[in-house]
Amino acid sequence: MKKTSSALKVTEAVMRLLLTVCGLAAVGFVIVITGYLVVSGIPAIQEIGLIDFLTGTVWKPNQEQFGILPVILTSVLGTFGAILIGVPLGLLFAIYLGKMAPKPVYQVLRPTVDLLAGIPSVVYGLVGMMVLVPFVREMFNVADGVGLFSSIIVLTVMVLPSIISVSETALKAVPREYEEASLALGATWNETVFKVTFPAAKSGIAASVVLGIGRAVGEAMAIMMVCGNVANMPSLFSSVRFLTTAIAGEMSYSSGLHRQALFSIALILYCFIMIINMILNFFLKKKEQ
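Residues numbered from 1 in each chain as written. Predicted model: local features only at pLDDT ≥ 70, side-chain atom pairs only at ≥ 80, totals over all residues. Heavy atoms only, no water.

1. Points about the overall build of the protein
In step 1: Within the protein one finds twelve helices and two strands.
In step 2: Listed N to C, the secondary structure of the protein is α-α-β-β-α-α-α-α-α-α-α-α-α-α in terms of helices and strands.
In step 3: Overall size of the protein, expressed as C-alpha extent along the three principal axes, is 70 × 60 × 35 Å.
In step 4: Per-residue burial over the protein gives 37% buried out of 289 residues.
In step 5: Within the protein, counting contacts between residues at least 6 apart in sequence, those at least 24 apart form 71% of the total.
In step 6: Separation between the mean location of the 19 positive side-chain charges and that of the 15 negative ones in the protein comes to 11 Å. (Helix = DSSP H or I, 4+ residues; strand = E, 2+ residues; numbered from the N terminus. Buried < 20%, exposed > 50% of the residue type's maximum accessible area, 1.4 Å probe, protein only. Contact = heavy atoms within 4.5 Å. Lys, Arg positive; Asp, Glu negative; His and termini not counted. Charge placed at Lys NZ, Arg CZ, Asp CG, Glu CD.)

Structure below.
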């Protein structure tokens with residue numbers, strides 16, 4: 001018995017140490033990435049000027065013009081459009097999947113959602129370029145189908161699996177007693193789902209929205225294939241460029257101030273994601289209080 005107890009204590013101590021190391025490693029990675037972006041991105045901002053860098057409308061590295069306002073606006077509008085469409089669709093699908101779908105239907109739809117989450121982003125971009133772009137060109141009678149509209153559609157499809165999977169898990173985690181109490185008081189099943197289960201799962205649903213926003217903001221390869229990748233002011237049916245595509249498209253041949261400016265864009269993108277997370281967490285905590 002003593003040997004068994006001693007072995008359990010050793011195992012528990014080792015596991016506690018391992019988990020602590022993993023937690024510290026995660027924090028360390030964030031600190032290292034933040035420090036690297038700050039050190040690499042600040043020099044270009046100092047040389048160009050923060051105001052000129054953020055509000056300039058011309059991006060011509062060969063003429064040392066580094067204005068990223070069109071890129072910032074495109075990223076904001078593209079992310080907002082994808083979330084505006086994807087969140088309602090994803091939440092409604094998650095509610096159907098988790099609380100209303102018959103078992104045979106669930107067994108078909110659930111693997112489909114998992115499959116969508118596992119498809120590489122380049123495949124989404126390829127399908128968008130070969131199918132969506134020609135469709136948009138013919139449907140709206142425009143010169144080219146690439147642009148903000150096509151990018152929003154692709155991003156919407158890409159954020160759906162994250163929103164659906166996490167939201168469905170959150171809905172299923174709500175205690176069954178809540179729903180039984182609501183039904184016992186005379187509420188219908190639909191009323192119970194939307195007025196009891198859904199509010200009780202709001203923290204998990206908020207997490208799914210954050211993941212969806214992160215996926216939309218950070219996507220590069222798929223968007224590069226359908227946006228046109230030209231730093232114009234945002235327009236639905238003309239070529240545009242996102243923060244991520246600006247970095248991915250030019251980093252391979254950049255040098256000097258141009259390369260430093262791309263690191264500055266990465267720093268702006270990093271700050272952009274942090275601000276979004278802080279705003280969402282603020283409103284979520286405020287609502288809970």
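Additional details are given in the paragraphs that follow.
2. Concerning the environment of Ala-7
In step 1: Within the secondary structure, Ala-7 sits in helix 1 (residues 2-48).
In step 2: Taking the relative accessible area as the measure of exposure, Ala-7 reaches 41% and is therefore partly exposed.
In step 3: Sequence-wise, Ala-7 and Val-217 are 210 residues apart; in three dimensions their C-alpha atoms are separated by 48 Å.

3. Overview of the pattern of salt bridges
In step 1: By the definition in use, this model includes ten salt bridges.
In step 2: Connected through salt bridges with shared partners, the residues Lys-99, Arg-176, Glu-179 and Glu-180 form a single ionic network. (Salt bridge = Lys/Arg side-chain N within 4 Å of Asp/Glu carboxyl O.)

4. Observations regarding a nonpolar patch on the surface
In step 1: A cluster of nonpolar residues, Val-122, Val-123, Leu-126, Val-127, Met-129, Met-130, Val-131 and Met-221, forms a patch on the protein surface that exposes about 690 Å² of accessible area.
In step 2: A per-element tally of the nonpolar patch places helix 5 (residues 121-139) first, with seven residues.
In step 3: Of note, Val-131 is situated in helix 5. (Patch = residues over 30% accessible without salt bridge, like charges linked within 9 Å, V, L, I, M, F, W, Y side chains within 5 Å. Areas by Shrake-Rupley, 256 points an atom, 1.4 Å probe, with all protein chains shown as cover.)

5. Points about the side chain of His-258
In step 1: Along the chain, His-258 falls in helix 12 (residues 256-288).
In step 2: Assessed through its relative accessible area of 11%, His-258 is described here as buried.
In step 3: Leave out the neighbours within four places in its chain, and His-258 touches Trp-59, Pro-61, Phe-66, Glu-250 and Tyr-253.

6. A few points about unusual backbone geometry
In step 1: The backbone of Asn-141 shows a phi angle near 55°, a positive value even though the residue is not glycine.
In step 2: Residue classification places Asn-141 among the exposed residues on the basis of a relative accessible area of 70%.
In step 3: Unusually for a residue other than glycine, Asn-229 sits at a positive phi of about 60°.
In step 4: In this structure, Asn-229 sits in the loop between helix 10 (221-224) and helix 11 (243-250).

7. Observations regarding helix 6 (residues 148-172)
In step 1: Along its 25 residues, helix 6 runs 36 Å from first to last C-alpha, staying within 8% of the 36 Å computed at 1.5 Å per residue.
In step 2: Along helix 6, the sharpest change in direction is near 30° and occurs at Val-159; proline Pro-161 comes one to four residues later.
In step 3: In terms of residue burial, helix 6 counts as a mostly covered element, since 18 of its 25 residues are buried. (Expected span 1.5 Å × (residues − 1). Bend = angle between axes of the 7 residues up to and from the residue.)

8. Quick notes on the nonpolar core
In step 1: Counting residues in hydrophobic clusters, the biggest one holds 57 residues, and the most contacted among them are Phe-53, Trp-59, Ile-68, Val-154 and Ile-265.
In step 2: Among the secondary structure elements, those contributing two or more residues to this core are helix 1, helix 3 (69-100), helix 5, helix 6, helix 9 (202-218), helix 10, helix 11 and helix 12.
In step 3: Ranked by residues supplied to this core, first place goes to helix 12 with ten residues.
In step 4: In contact with Ile-68, other than residues within four places in its own chain, are Phe-53, Leu-54, Gly-56, Trp-59, Ile-265 and Ile-268. (Core = buried A, V, L, I, M, F, W, Y, C linked by side-chain atoms within 4.5 Å.)

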